[in-house]
Amino acid sequence: VQLQASGGGLVQPGGSLRLSCTVSGNMASLKYMSWYHQAPGKQRDLVASITAGGRTDYPNSVKGRFTISRDKDAKSVYLQIDSLALEDTGVYYCHAEEWFTQTTYWGQGTQVTVSS
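Conventions used here
Residues numbered from 1 in each chain as written. Predicted model: local features only at pLDDT ≥ 70, side-chain atom pairs only at ≥ 80, totals over all residues. Heavy atoms only, no water. Core = buried A, V, L, I, M, F, W, Y, C linked by side-chain atoms within 4.5 Å. Buried < 20%, exposed > 50% of the residue type's maximum accessible area, 1.4 Å probe, protein only. Helix = DSSP H or I, 4+ residues; strand = E, 2+ residues; numbered from the N terminus. Contact = heavy atoms within 4.5 Å. Disulfide = S-S within 2.5 Å. Pairing = 2+ DSSP bridges. Axes fitted to C-alpha atoms, helices over the stretch in contact; angles between N-to-C directions.

A. Structural context of the nonpolar core. Counting 28 residues, the largest nonpolar core has M33, W35 and L79 as the members making the most contacts within it. Among the secondary structure elements, those contributing two or more residues to this core are strand 1 (2-6), strand 3 (17-24), strand 4 (30-38), strand 5 (44-51), strand 7 (66-71), strand 8 (76-81), strand 9 (90-98) and strand 11 (110-114). Take this core: its biggest share by element is four residues, from strand 3. Apart from the residues lying within four places of it in its own chain, the contact partners of L79 are L17, R18, L19, W35, V47, A48, F66, T67, I68 and Y92.

B. Up close: the environment of F66. Within the secondary structure, F66 sits in strand 7. Sequence separation between F66 and G25 is 41 residues, and the spatial gap between their C-alpha atoms is 26 Å. The contact partners of F66, leaving out residues within four places of it in the chain, are V47, Y58, L79, Q80, I81, D88 and Y92.

C. Seen up close, the state of the cysteines. In total, this model carries one disulfide according to the counting rule given. One disulfide bridge connects C21 with C94, the sulfur atoms lying 2.0 Å from each other. Between C21 and C94 the sulfur-sulfur dihedral comes to about -85°; the bridge is accordingly left-handed. In this pair, C21 is assigned in strand 3 and C94 in strand 9, connecting sequence segments 73 residues apart.

D. Representation of the sheet that holds strand 8 within the structure. An order of 1-3-8-7 is seen for the four strands of this open sheet, with the pairing classed as antiparallel. Every interior strand has two partners, whereas the edge strands, strand 1 and strand 7, have only one. The mean angle between the axes of side-by-side strands here comes to 20°, regardless of whether they run parallel or antiparallel. As judged from the six bridges shared by strand 3 and strand 8, these two strands associate in the antiparallel manner. The residue of strand 8 that forms the bridge with C21 is V77.

Take a look at the structure:
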């Protein structure tokens, strides 16, 4: 399995962005997929996850602004970010874990810069 993240860019505060993570390989083998955010000089933090069954979960810090979704036909997971704020700046990574082997995968990250 390989993960390819895309969709980052430069956005003004208050704007929106949709990030994409495309799976190369068997998406059905994945127990869940997640998005992580790493701000400059900070640790990588979980911001959204979706299980194979479609259940989503978010930390309180992003609830209402971040939405994770999935298109099985496109073998992709998306992260919609609304009302972007300066602190949303950073690299967003796609992550996944397999059902049986518990092997984890990371995408290469996509840069989001929020600036006026």
